[in-house]
Amino acid sequence: MVNKIEISQVLNFVHRELSKWEFRNAANDNPSAALVFFSFLKYVSDNRQSLQLDFDEKFSFDYLSILFGERLDKNELVNHIGNVERQLGHRNGILESYASSLNLNSFSRKNTQIMDALNSIDMTDAENEHLIYEALVSYFSVTVNKELRFSGEFITEQNLAKLMASIGSPKHGTVYDFASGYGILAVESAKGKDVHIYAQDINRTCAAVTIMMLTMAGCKSSTVLCGDTLTNSLYSVHRGLAAFDSVLSVPPFGMKLSNTDATFRSGDQANAFEYGLEFKLNSEMTFSRHLLASLKKDGTGVIQVPMGALFRSGTEEKIRANMIKDNYIDTIVELPTGVVSGTGVKTALIVFKKGRSHKDIYILDASRDAAKDFVEANGRAGTRITDYGVNEISRLIKERKVVEGLSAIITPKDIQANNFNLSVGAYLQKNIENIVVVDDIETLQKKNAVLVEKLNHIDKRLNEAIERTRCK
């Protein structure tokens, strides 16, 4: 059986080849998505029987690696992808559309060394290990995150996804991610659970990669859409499934809309957002409002937001005030800088719960010294949550445990007195007397007496030297 190191070496080779200019053109200038695509072709070929797929033998990867490029008609391959997509239960033609957009005819026979490299790996899933999915996620999180953000496509770091899933994903039911990116959060929310994933992304490539990653991770129950959450949310498409057991998402930051786009154009659109008729779609809290509107009456949601959304005044302050009043906010987790690769924006997780029996809010600051074991460096300027951090943060939230310098419990009254500021640091400030702690005042006094004596001795020697100079 192939091991993770061998898989990583092959992925590195294929990605490096795909990153060359002629390949980038052929793959729509996106080598990362192309890497997933070719890995997916190999995966469905190797797992054809377990996936219960029926397709012509010439589309097995052994033949594809020979025929690809000069001797394989693009339309045939696109139709094959569409056939596989439908058999996997996806009816929206996203994969077929993505495959059709690739300039596959530009891959000449000499380029098919990438096919040969991938064909050297046995991607047959054994004991549900899903090695190729794990290898791709690991490779992306370390190697190509900057490239993805530069191209406007996003990947959630795996351990952040694990943390969010640990906090908010149910054991049974439905999970909705309205900005799925490369599908990592959707996958981690489904692992080992009996849930149906509903995922949506405005970017066709991201939606296609989400389908492929869900498949390679063994997640067989999912619905993926390509569309704009703000103007054509999944709420509008699946009216019978407007409410979900869990909503987990890492939406884009810095959203800017024109006045026309930010104004509701219909009642249906307004219904997809909590407080929809009161506020326009023009703040970072818009996605949080959509999360709340999409949750069942006892549902749980987790969303990553930039820190500014927790303390900015104006419209966002009014929205936070409504959320506090309606008792929706359960937990705030402040994250260290670098968790979002390629940017210095500091972020936080907001945990929403409907039907809460208590009104206080648990806060935790994972960027403090007390949480140093929860995080580690990831690349030059990145930061990732450790496996230990995932488990400990999840445990602390579940137990609502107060740890000095790390976490606390605050009340709506505390928050209202602070202009509905939800920044964790605003409530974990230490008093000055707690910063300077004197354990042994007698020891300090003795040390001070010694220093004074030495200073007097030096001063005496200096005066004697000055006096001798005058005498001369």
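Summary of the structure given here. (Residues numbered from 1 in each chain as written. Predicted model: local features only at pLDDT ≥ 70, side-chain atom pairs only at ≥ 80, totals over all residues. Heavy atoms only, no water.)

1. Section: the overall build of the protein
Regarding its fold elements, the protein presents 20 helices and 11 strands. The buried share of the protein, taken over its 472 residues, is 53%. Taking as baseline every contact in the protein between residues at least 6 positions apart, the subset at least 24 positions apart corresponds to 72%. When the accessible area of the protein is evaluated, it comes to approximately 22400 Å², of which 48% is carbon and sulfur surface. (Helix = DSSP H or I, 4+ residues; strand = E, 2+ residues; numbered from the N terminus. Buried < 20%, exposed > 50% of the residue type's maximum accessible area, 1.4 Å probe, protein only. Contact = heavy atoms within 4.5 Å. Areas by Shrake-Rupley, 256 points an atom, 1.4 Å probe, with all protein chains shown as cover.)

2. Remarks on the environment of glutamate 85
By the element assignment, glutamate 85 lies in helix 5 (residues 74-87). Considered as a pair, glutamate 85 and methionine 212 are 127 residues apart in the sequence and their alpha carbons are 9.3 Å apart. In this structure, glutamate 85 is in contact with His90, Asn92, Gly93, Ile94, Leu95, Glu96 and Ile211, ignoring residues within four places of it in sequence. Of note is the side chain of glutamate 85, whose polar atom sits 2.9 Å from the backbone nitrogen of leucine 95. (Polar contact = N/O pair within 3.5 Å; in protein donor to acceptor, adjacent residues only side chain to side chain.)

3. A closer look at the nonpolar core
The biggest cluster of nonpolar side chains holds 99 residues, and the ones touching the most others in it are Leu18, Phe37, Phe38, Phe107, Met212, Met213 and Met216. Per-element accounting of this core gives the leading share, 10 residues, to helix 3 (residues 31-46). Counting 45 residues, the second-largest nonpolar core is a separate cluster that includes Ala348, Phe352, Ile410 and Leu428. (Core = buried A, V, L, I, M, F, W, Y, C linked by side-chain atoms within 4.5 Å.)

4. A short note on the packing of helix 1 (residues 4-18) against helix 3
As a packed pair, helix 1 and helix 3 sit with axes 9 Å apart at the nearest point and diverge in direction by 130 degrees. Considering the angle they form, helix 1 stands oblique to helix 3. The hand of the helix 1/helix 3 crossing is right-handed. Together, Leu11, Val14, His15 and Leu18 of helix 1 and Pro31, Ser32, Ala34, Leu35, Phe38 and Ser39 of helix 3 make up the contact between the two elements. (Axes fitted to C-alpha atoms, helices over the stretch in contact; angles between N-to-C directions. Parallel < 35°, antiparallel > 145°, perpendicular 65-115°, else oblique. Left-handed = near helix turned anticlockwise from the far one by under 90°.)

5. Considerations on the pattern of salt bridges
As enumerated under the stated definition, the model contains 19 salt bridges in all. Aspartate 46 is paired through a salt bridge with lysine 42; the nearest N and O atoms lie 3.2 Å apart. Taken together, the residues aspartate 46 and lysine 42, both in helix 3 and four residues apart, mark about one turn of the helix. Classification of aspartate 46 as partly exposed rests on a relative accessible area of 22%. For lysine 42, a relative accessible area of 5% gives the class buried. The network of salt bridges with shared partners includes Asp330, Arg356, Asp360 and Arg400. (Salt bridge = Lys/Arg side-chain N within 4 Å of Asp/Glu carboxyl O.)

6. Considerations on the environment of threonine 411
You can see threonine 411 is positioned in the loop between strand 11 (407-410) and helix 18 (412-417). As a C-alpha pair, threonine 411 and tyrosine 362 span 49 residues in sequence and 9.0 Å in three-dimensional space.

7. Here we look at the sheet that holds strand 6 (residues 329-334)
Taken in spatial order, the nine strands of this open sheet run 3-2-1-4-5-7-6-8-11, and their pairing is mixed. Sheet topology places strand 3 (222-226) and strand 11 at the edges, where each strand pairs with a single neighbour. Looking at each pair of strands side by side, their axes are set apart by 15 degrees on average, direction ignored. As paired strands, strand 1 (residues 172-177) and strand 4 (residues 244-249) are joined by two bridges and run parallel to one another. The partner of tyrosine 176 across the bridge, within strand 4, is valine 247. Contacts between helix 9 (residues 158-168) and the sheet are confined to strand 4, strand 5 (295-306) and strand 7 (347-353), with strand 5 contributing the most and set at about 155 degrees to the helix. Here helix 11 (residues 204-216) sits on the sheet in contact with strand 2 (194-201) and strand 3, set at roughly 165 degrees to strand 3. (Pairing = 2+ DSSP bridges.)

8. So, the packing of aromatic side chains
Aromatic rings in a pair are described by how distant their centres are and how their planes are angled relative to each other. Taken as a whole and judged by the stated rule, the model has nine aromatic pairs. Taking 5.9 Å as the distance between ring centres and 70 degrees as the angle between the ring planes, the aromatic pair formed by phenylalanine 140 and tyrosine 182 counts as edge-to-face. Note that phenylalanine 140 is positioned in helix 8 (residues 131-150) and tyrosine 182 in the loop between strand 1 and helix 10 (184-190), a separation of 42 residues in sequence. Among the residues examined, tyrosine 182 registers a relative accessible area of 1% and is labelled buried. Centroid distance phenylalanine 178 to phenylalanine 287: 5.8 Å. Interplanar angle 10 degrees. Geometry classified as stacked. Here phenylalanine 287 lies in helix 14 (residues 286-294) and phenylalanine 178 lies in the loop between strand 1 and helix 10, a separation of 109 residues in the sequence. As far as burial versus exposure is concerned, phenylalanine 178 and phenylalanine 287 are alike and both buried. The structure contains a cluster of three or more aromatic residues connected by ring pairs, namely Tyr176, Phe178, Tyr198, Phe244 and Phe287. Positioned over the ring face of phenylalanine 55 is arginine 48, at 4.2 Å from the centre of the ring. (Phe/Tyr/Trp six-rings, centres within 6.5 Å; stacked < 30°, edge-to-face > 60°. Lys NZ or Arg CZ within 6 Å of the ring centre and 35° of its normal.)

The values are spatial; any link to function lies outside them.
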